[in-house]
Amino acid sequence: MSPGRLWLIPVIIGAAAMMALTATTVHAQQVTFKIMTGTFLYTPGMPIWNPYAPNNIAGGVVIPNVLVLAIFDYSTGRLYPVLAENWTVQTLPNGSALLTIYLRKGLYWFNGTATMPFTAWDVYAFFYIGEKAFGWFVPWMNQSLTDEDIRVLNNYTIQFLFQKWTPIALWWVLTSAPATPYWVWKPIVDELKTVNATYAQNVLSQNITKFAPPCWDLSPYYVSQVTTLPSVIYKLEPPNVLKQWYSIFPINSFQYYPEIDVQGLSYSSGTATTLLLSHQFDWAWVGLSAKQLQVLNATGKIDIGTPYFNPEFNGIYLNPNVYPWNYPQARRAIVYVLNRTAIALVF
C-alpha cells in the first residue's frame, strides 16, 4: 500500500502547508496553467484509473482528481478534514481498536458530464479490495477477517477493526484517496466476497490489477483529456458541481486556474530553467543551482517560494536566496531550534 501519495494543488491555498520545491511563472491573464513534472507512463487501454494497478495515476498527476479523506498538514502536525468530516479511534484492552470515519454529505463524483453521490460504499470498496486482495494492513488487520473487520454502518459512516492497533494506521487510512466509485467496482467486491483471502490474494488480485475502469473525479478538477505525450489536462468543475468544495476549502483560488495541463517530461534543471524563462511552462518541481535561482529571480516574474515542507522526504527546504534564509545565521537557527531527535522518533 502507498498510504501517502505526494499531491500538490498550487491552486488551493490555505488548505494545508504541503509544498515541494517549485518555481512558478506569474502571468497577468492565465488561461491554461502549464505544469512540468517527472515522466509517467501512458498508452491507450492502460488501467491508469485503477489504484491497484502498477503505474496507475488514479489519484491524479500533481493535481489530484480524487481527494484524500484528510490532508496531513506537516506544518501543524494535524489532519485537515476533506472527504471525511470527522473520525474517532476507540482502543480496546486487548490492543485492538475501532476506527470510525464519518464522511461529508453532499459530495458528488463527476466525469465531465454526469454525477453520482459519494458515500461510504465508495470508501468501503477501496479498502475492502485493498485488504482482502492485497493485504494492505497485514499484520495489524487480519486479512482472513476482512469481511467482518471493514463494514459500512450507514451511507456516510464506515468502521475498521484493527486487531493490532498502531497510531500510524490512522494516517494510512485518512491520507488515502478512495478512487473506487462503488458502482464501478461492485462486481469485483461481490466476487471477492465469494472467496477466501488466500484465493483473493493469489488469484483474483492478478485480475484486479488488469481492470481498466473509467475515470470518475472527486475533486474541484476533473480530467478532461489524457494524451500519450504524456499529459493530463484538468478542467475546473462547472459551478453547480464546484460549489460543493467551497465549504471544504473556503480560502481558494480556483477561478484563476480554469484549466491545468500537466506534462510528464524527463528534464534537467537547465532545461527547466529555459522552459520557465521562455514561458512555455508556469510551474515546475525541480532542484536548481544557486546561479539558476538568481537568473529566475532576476526576471521579477518567477516566484521561488520558501520554505518548502516536503512530506515525501520528511524535510524542509529553504531557499538561500530569499530573506531571511540568505543569512547563514537564520539557517543555523533552524538547526538549533528544531529537536531533530524528536522529529526522527515520530517516523
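Here the structure is a predicted model, which is why all the values come from computation and not from measurement.

Draft legend 1. Spatial organisation of the overall build of the chain. On a plain count of helices and strands, the chain comes out with 10 helices and 17 strands. Counting across all 347 residues of the chain, residues that qualify as buried make up 50%. Residue pairs at least 24 apart in sequence account for 65% of intrachain contacts in the chain once pairs closer than 6 positions are excluded. As displayed, the chain offers around 16500 Å² of accessible surface, 56% of which is attributable to carbon and sulfur atoms.

Draft legend 2. View of the environment of N86. Tracing the chain through its elements places N86 in strand 5 (residues 84-91). Counting along the chain gives 16 residues from N86 to Y102, while the straight-line C-alpha distance between them is 5.2 Å. Apart from the residues within four sequence positions on either side, N86 is in contact with T100, I101 and Y102.

Draft legend 3. Quick peek at the pairing of strand 13 (residues 259-265). Summarising burial for strand 13: five of the seven residues are buried, a large majority. In terms of strand pairing, strand 2 (residues 32-38) meets strand 13 through seven bridges, oriented parallel. Looking at strand 13, one finds that T32 is bridged to E259. In the sheet, strand 12 (residues 231-236) pairs with strand 13 via five bridges, with the strands oriented antiparallel. Bridge pairing links K235 to E259 in strand 13.

Draft legend 4. Geometry of the nonpolar core. L69, I101, F127 and F160 are the most contacted members of the largest nonpolar core, which totals 82 residues. Ranked by residue count, the leading element in this core is helix 1 (residues 120-134), at nine residues. Those residues in contact with I101, other than ones at most four positions away along the chain, are L69, A84, N86, W87, Y156, T157, I158, F160, V173 and L174. Ranked by size, the runner-up nonpolar core spans 11 residues in total, among them M36, A272, V286 and L288.

Draft legend 5. Structural view of empty space enclosed by the protein. Taken as a whole, this structure holds one cavity of 30 Å³ or more when the rule is applied. Lining the largest cavity, in full, are W49, A58, N65, V66, W109, A179, P181, W185, P213, P214, C215 and W216. Within the lining of the largest cavity, the residues separate by chemical class into 11 nonpolar, one polar and no charged.

Draft legend 6. Focus on the packing of helix 7 (residues 269-277) against helix 8 (residues 290-298). Following both chains from N to C, one finds helix 7 and helix 8 inclined at 5°, their axes separated by 11 Å at the closest point. Between helix 7 and helix 8, the interaxial angle falls into the category roughly parallel. Packed against helix 7, whose contacting residues are S269, G270, T273, L276 and L277, the element helix 8 presents Q292, V295 and L296 at the interface. The residue makeup of the contact of helix 7 with helix 8, split by class, is four nonpolar, four polar and no charged.

Draft legend 7. Inspection of the pattern of salt bridges at higher detail. Enumeration according to the criterion identifies three salt bridges in this entry. Between K186 and D190 there is a salt bridge, with its nearest N and O atoms 2.7 Å apart. Taken as a pair, K186 and D190 lie in helix 4 (residues 182-192) at a separation of four residues, close to a single helical turn. Take D190: its relative accessible area is 30%, and that puts it in the partly exposed class. The salt bridge involving K235 is made with E259; its shortest N-O contact spans 4.0 Å. Of this pair, K235 sits in strand 12 while E259 sits in strand 13, and the two are 24 residues apart along the sequence. The class of E259 is partly exposed, set by a relative accessible area of 22%.

Draft legend 8. Examining the environment of V184 more closely. Along the chain, V184 falls in helix 4. With 59 residues separating them along the chain, V184 and A125 place their C-alpha atoms 9.6 Å apart. Contacts of V184, omitting those with residues within four sequence positions, involve M116, F211, P213, P214 and W216.

Draft legend 9. Summary view of the confidence of the model for the chain. Confidence in the prediction for the chain averages 84 pLDDT; 83% of positions are at 70 or higher. Long-range and interchain partners of residues 1-29, a stretch whose pLDDT sits below 50, account for 106 contacts in this model, where long-range means more than four residues apart.

Draft legend 10. A look at the pairing of strand 9 (residues 150-154). Bridge analysis of strand 9 against strand 10 (residues 157-162) gives four bridges, and the strand direction is antiparallel. From the neighbouring strand, V152 faces strand 10, where its bridge partner is I158. Taking the residues that link successive antiparallel strands as the turn, the strand 9-strand 10 hairpin has two residues.

Draft legend 11. Expanded view of the packing of aromatic side chains. Counting across every chain of the model gives 24 aromatic pairs. Ring plane angle 15° and centroid distance 6.4 Å describe the contact between Y80 and F249, whose orientation is recorded as stacked. Taken together, the residues span a long stretch of sequence, with Y80 in strand 4 (residues 78-81) and F249 in the loop between helix 6 (239-242) and strand 13 at a distance of 169 residues. For F249, a relative accessible area of 2% gives the class buried.

Here is what the cut-offs are and how they apply
Residues numbered from 1 in each chain as written. Predicted model: local features only at pLDDT ≥ 70, side-chain atom pairs only at ≥ 80, totals over all residues. Heavy atoms only, no water. Helix = DSSP H or I, 4+ residues; strand = E, 2+ residues; numbered from the N terminus. Buried < 20%, exposed > 50% of the residue type's maximum accessible area, 1.4 Å probe, protein only. Contact = heavy atoms within 4.5 Å. Areas by Shrake-Rupley, 256 points an atom, 1.4 Å probe, with all protein chains shown as cover. Pairing = 2+ DSSP bridges. Core = buried A, V, L, I, M, F, W, Y, C linked by side-chain atoms within 4.5 Å. 1 Å grid on protein atoms, 1.4 Å probe; cavity = no way out; pocket = protein on both sides within 12 Å on 5 of 7 lines; lining within 4 Å. Points joined across faces, edges and corners; volume = space filled by probe spheres on them. Nonpolar A, V, L, I, M, F, W, Y, C, P; charged D, E, K, R; others polar. Axes fitted to C-alpha atoms, helices over the stretch in contact; angles between N-to-C directions. Parallel < 35°, antiparallel > 145°, perpendicular 65-115°, else oblique. Salt bridge = Lys/Arg side-chain N within 4 Å of Asp/Glu carboxyl O. pLDDT = per-residue confidence, 0-100. Phe/Tyr/Trp six-rings, centres within 6.5 Å; stacked < 30°, edge-to-face > 60°.

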